[in-house]
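Below, each chain spelled out in residue letters.
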Amino acid sequence: MYATSYHRASSVEEAVKLKSANEEGKYLSGGMTLIATMKQRLAAPSDLIDLRHISTLRGISIDGRKVTIGAATPHADVAASRELAAICPAICKLAGHIGDPHVRHMGTIGGSIANNDPAADYPAGLLGLGATIVTDRRSIPADDFFIGLFETALEEGEMVTSVTFNAPEKAGYAKFNNPASRFAMTGVFVAKTAGGVRVAVTGAGSSGVFRHPGFEQALGSNWSADALSNVAVDASNLMADMHANAEYRANLVKVMAKRAVASAG
Amino acid sequence: MGVEGIGARVTRKEDKRFLTGKGRYTDDMTVPGMKYAYFVRSPYAHAKIRNIDATAAKAMPGVIDVLDGKQLQADGIGNLICGWMIHSKDGTPMKMGAWHPLAVDTVRYVGDAIAIVVADSSGEARDAAEAVVVDYEQLPAVVEAVAALASGAPQIHPEAPGNLIFDWQIGEPDAVDKAIATAAHVTEIEILNNRLSPNPMEPRATLGIYDTAEDHYTCYTTSQNPHVARLVMSAFYNVAPENKLRVIAPDVGGGFGSKIYIYPEEIICLWASKKTGVPVKWTSDRTEAFLTDAHGRDHVSKVKMAFDANNRITALKVDTIANLGAYMSLFSSAVPTYLYATLLSGQYDIPAIHANVRTVYTNTVPVDAYRGAGRPEATYLLERTMETAARELGVSPAELRRANFIRTFPHQTPVIMNYDAGDYEASLNAAMQAADWAGFAARRSQSEAKGKKRGIGMSCYIEACGIAPSAAVGSLGAGVGLWESAEVRVNAVGTIEVLTGSHSHGQGHETTFAQLVAGRLGVPIESINIVHGDTDKVQMGMGTYGSRSGAVGMSAVVKALDKVEAKAKKIAAHLMEASEEDIVIENGELKVAGTDKSVPWFQVALASYTAHNLPSGMEPGLKETAFYDPSNFTFPAGCYIAEVEIDPDTGETDIVQFVAADDFGNIINPMIVEGQVHGGIAQGIGQALLESVQYDENGQLLTASYMDYAMPRADDLPSFKLSHQNTPCPGNPLGIKGCGEAGAIGSPPALINAITDAIGHNKLTMPATPMKVWQALHPAH
Ligand SMILES: Cc1cc2nc3c(=O)[nH]c(=O)nc-3n(C[C@H](O)[C@H](O)[C@H](O)COP(=O)(O)OP(=O)(O)OC[C@H]3O[C@@H](n4cnc5c(N)ncnc54)[C@H](O)[C@@H]3O)c2cc1C
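Structural notes, computed from the coordinates. (Residues numbered from 1 in each chain as written. Chains lettered and ligands numbered in written order. Predicted model: local features only at pLDDT ≥ 70, side-chain atom pairs only at ≥ 80, totals over all residues. Heavy atoms only, no water.)

**Observations regarding the environment of Ala264 of chain A**
Residue and element names in this part refer to chain A. The topology assignment puts Ala264 in the segment after α11 (246–263). Looking at Ala264, the relative accessible area reads 17%, which means it is buried. Residues Ala264 and Phe189 lie 75 residues apart in sequence; the distance between their C-alpha atoms is 9.4 Å. Discounting chain neighbours no more than four positions away, the residues touching Ala264 are Ala171, Gly172 and Trp223. (Helix = DSSP H or I, 4+ residues; strand = E, 2+ residues; numbered from the N terminus. Buried < 20%, exposed > 50% of the residue type's maximum accessible area, 1.4 Å probe, protein only. Contact = heavy atoms within 4.5 Å.)

**Side note on the side chain of Arg198 of chain A**
Residue and element names in this part refer to chain A. Along the chain, Arg198 falls in strand β13 (residues 196–202). Separated by 3.5 Å, the side chain of Arg198 and the backbone oxygen of Gly128 make a polar contact. Sequence-distant contacts of Arg198, defined by excluding residues within four places in its chain, comprise Leu127, Gly128, Leu129, Gly130, Asp143, Phe189, Val190, Ala191, Thr193, Arg211 and Glu216. (Polar contact = N/O pair within 3.5 Å; in protein donor to acceptor, adjacent residues only side chain to side chain.)

**With respect to the site of the ligand**
Residues and elements named next belong to chain A. In the vicinity of the ligand, 29 residues are found, and the nearest of them are Tyr27, Gly31, Leu34, Thr108 and Asp121. Gly30 is positioned with one of its backbone polar atoms (N or O) 2.7 Å from an oxygen atom of the ligand. In this structure, Arg182 approaches the ligand through a main-chain N or O atom, which is 3.1 Å from an oxygen atom. Across the complex, the protein chains shield 89% of the 970 Å² of accessible surface that the ligand would expose by itself. Listed by contribution, the elements that provide at least two residues to the shell around the ligand are β2 (26–28) and α7 (109–115). Of the residues that constitute the shell around the ligand, the class distribution is 14 nonpolar, ten polar and five charged. When residues of the shell around the ligand are assigned to domains, at least three fall in each of domain 1 (1–52) and domain 2 (170–263). (Near = heavy atom within 4 Å. Areas by Shrake-Rupley, 256 points an atom, 1.4 Å probe, with all protein chains shown as cover. Nonpolar A, V, L, I, M, F, W, Y, C, P; charged D, E, K, R; others polar. Domains from an automatic or database assignment.)

**Brief notes about the layout of surface pockets**
Residues and elements named next belong to chain B. Quantified by volume, the second largest pocket comes out at close to 620 Å³. Lining the second largest pocket we find 31 residues, and of these Asn194, Ser692, Val693, Gln694 and Met766 sit closest to its centre. Secondary structure elements with two or more residues in the lining of the second largest pocket: α5 (145–149), β8 (185–193), β13 (299–307) and α20 (770–777). Partitioning the lining of the second largest pocket into residue classes produces 15 nonpolar, eleven polar and five charged. (1 Å grid on protein atoms, 1.4 Å probe; cavity = no way out; pocket = protein on both sides within 12 Å on 5 of 7 lines; lining within 4 Å. Points joined across faces, edges and corners; volume = space filled by probe spheres on them.)

**Section: the sheet that holds strand β3 (residues 47–50) of chain A**
Residue and element names in this part refer to chain A. Read from one edge to the other, the open sheet built from three strands follows the order β1-β3-β2, with strand pairing classed as parallel. The two strands at the open ends of the sheet, each matched to only one other strand, are β1 (5–8) and β2. Across the sheet, the axes of successive neighbouring strands diverge by a mean angle of 30 degrees, strand direction being ignored. Relative to β3, β2 is paired through three bridges, and the arrangement is parallel. Across the sheet, residue Tyr27 finds its bridge partner in β3, namely Ile49. Along the sheet face, helix α1 (residues 12–21) touches β1, β2 and β3 and points at about 145 degrees away from the line of β2. (Pairing = 2+ DSSP bridges. Axes fitted to C-alpha atoms, helices over the stretch in contact; angles between N-to-C directions.)

**Quick look at unusual backbone geometry**
Residue and element names in this part refer to chain B. Of note, the bond from Phe409 into Pro410 is cis; its omega dihedral lies within 30 degrees of zero at -5 degrees. As for its placement among the helices and strands, Pro410 is situated in the loop between α11 (397–404) and β16 (411–412). With an omega dihedral of 0 degrees, the bond running from Ile467 to Ala468 counts as a cis peptide bond. Mapping Ala468 onto the fold places it in the loop between β18 (453–462) and α14 (470–475). Phi angles above zero are rare outside glycine, and Asp436 is one such case at about 50 degrees. Note that Asp436 resides in the loop between α12 (424–434) and α13 (440–449). For Ala611, which is not glycine, the phi dihedral falls at a positive 55 degrees.

What is shown is where atoms sit, not what they do.
Structure follows, in structure tokens:
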């Protein structure tokens, strides 16, 4: 590993200040992506600004149907939250299938969405729920947040502090694991929200997480797995790699969407 | 003491150390003044090295030196060798290209070592390695064996025109062709055996220590056979004479074959230690392991199997192309020849067999033995062919096998092997019963009702273990003999050390070898220590691979024990004034049969060392050495049945049942044997469903981490149903055959036979990933 300076921030303000003072620095949350990237020498930040000890960034709060999850909340906490499961079990299930127990106890929601891996689960969840990403300086709707492969609307030095959403009437998530990494080879999140049906697909799009208007329309008029049977999935914008070609992913998008609807609670 | 003797489920003595983190692996070793190595490796699959400039690297903080291949060559360090000579069918010897431990002018695979950086810390060594400037001239690369044989393919070694290393054959081509021409039915199939990475939990590591005062080297290394490492480093690589080189393989965290070979890094760290004057340690990281540990398998074969009108096999014809990678690793030539083609008779009475094997250089990691080594390739080929033939002939797979089983022993196959004992039908029956084969049709209907596809498949494997009779392998080209040694050293108070040339890296020798001694003498198992893995402590030995430690290594212990017991009986007879023939050893005592006279074991041991009262002329002491050279291979065999349920929507395969019925002969410790079978099947399932090394067309390794190389995990595996049949091996004193590889050998064809049964056709290659199975079910895609 290249030399790097470690800072343990105790407040959002301090962290943002440290970041702006160290242009080549990076926020460190669970480190499940960043540390591995550094070990592979694909990243060499001059400074690591650790967010996990900022108490305001951690935890889940629920106010009626409004849910707020702090950016430094680990996946395991989301998976295990009974209060959250009572109003939005799909997001708990999603979190509970990220990686393995070690990853779930270290990795965080803020780190996951800031990283925006095209095969990550949370981007599908937040886009599907129509969540809002709150940062140290503004609020960004999920529709505007996830831009492309590993690309988000975050500006230089901008920090995710929390995500918020209103619990949907119904939601479901179905994930097909990549056999090696167990990231999503295709994951589909469906939600019946106050603003209508939303369907978000991860692991499959060649430019990251995306919504599927055809599915949304079909489910909007008939919330059932069968409603999707005749909706086509276009393979031309889907990812192809050694594990799955675009046609197979197109098939998985449909199959996982149906399963997500069937399992929705 | 029956509870600790042969056949007892003794918990593993070594596990306390492993499970509490107290194991001592090579990377745990530290010595004063020790520094760290990092290797500069080729990023290209094939390139000329125009120049290496280490000026900037040498100036980096903490750097002690940067050394390259020219310096190594100037110091007279030799090239790596392949230790088994194979001759092509035209009589010419195999065409071995030079493998410099550090590439001198050409690199031939991504990961080929170019220079070693020695620094105060591994981080500094790595930083400096990045600063070494290598000027490459890129050359075209080839990664597939078939493509490497094509005309116009990039030429990899000047010594091997057309990249062909040898074109070898075994058996009788004319008899086979004649039988095929007159057959009632011929089954033809093309078989691909996918390339695998061995992935032991502990990556390779080495620590080289040069002692200036003694002009002596110590090499800690992750080896399955430290004595062979010393022999080869000394005799072929000119590192140091044997008496000036000590090789220690301490706790080793798995090998699966990949730690048999002597790799460049051991040699280079020893040499670098002398050059730099500091002990030099190197530990591979996981990606380096993917890039440089010898891979396994990678065969492409065409098969024809001929049958008469009664469904009896009349001939088998096999044409195989085996990818050996960029260099010939230590046993690479033996794996696709004598460890493969000699098993092509399987469990069947086949009158005529002919196999032709071409081995090929490619711009990939060297390929060598990996759990099973040749036998999985033979078994997969044969058992896929049998299953296909049964479908074509319209008979049940079990009946076709039964009709062709070898039933009398010894049985001479047309491909060298002489099977000494077996009862193949017993395993077949046991497996079919355990699997409730008869109830499959009903289970299939239930699956269909749920929209799932269900299939069942079997594999009747045979393999050869206990390698090997030295004279026989010598006549076939082996550079070494494959006997084993043991020393049984009784201490003055009766505790015992067994020094074995076998090496345990997960097999549990510290328990099973001790069980043998405890059972024979009736002494507590705690009083017995097994010593292995250090050339200074243990007499010359050949190490562990090919499931040989029980059949060969323990047989050497038996021979040494025979000698110890004979001497102990003489002493006891003398002490009790009885006749030597009347002494029996039981429950830790030497007794005069039929009387109540006895002396405890420890007293005899003590008497041997006090030497106050020994039979006249007897030498003091109680310690004996024996070398055991087997008279034949051993032949574990069995029947595996896999049952799968496939989700046609996703192509996902669920293994709903897996049955293994194995005949390993006598069993020392059933718990350890079950563990070996479980692990072997897990690796076989890995090969069948998940694992595959993939290179792109430029020779870049795509599966260089667990993000892309799919290893089997606990939830990929069902609960295994195991049983054992027993036809004791007549060839060794304990009647044992070996169990370390069977699981990996027998399972892949059972799984692919089950999946192809479920999908209704044969167009499927390993690994049967969800995508491939889905494509097989939806051929339009
Ligand atoms: C073995 C393994 C398996 C995995 N499996 C899955 C899986 O199945 N599904 C899945 O979705 N993910 C998976 N992951 C990824 C995991 O969820 C990571 O935790 C996640 O991608 C990154 O979160 P982190 O908290 O570890 O972030 P870090 O690694 O600490 O940071 C990631 C990036 O985000 C930036 N960052 C972190 N926090 C913030 C913030 N609050 N504001 C702005 N930028 C920030 C960092 O600077 C860095 O660039 C896996 C990871 C591993 C190691």
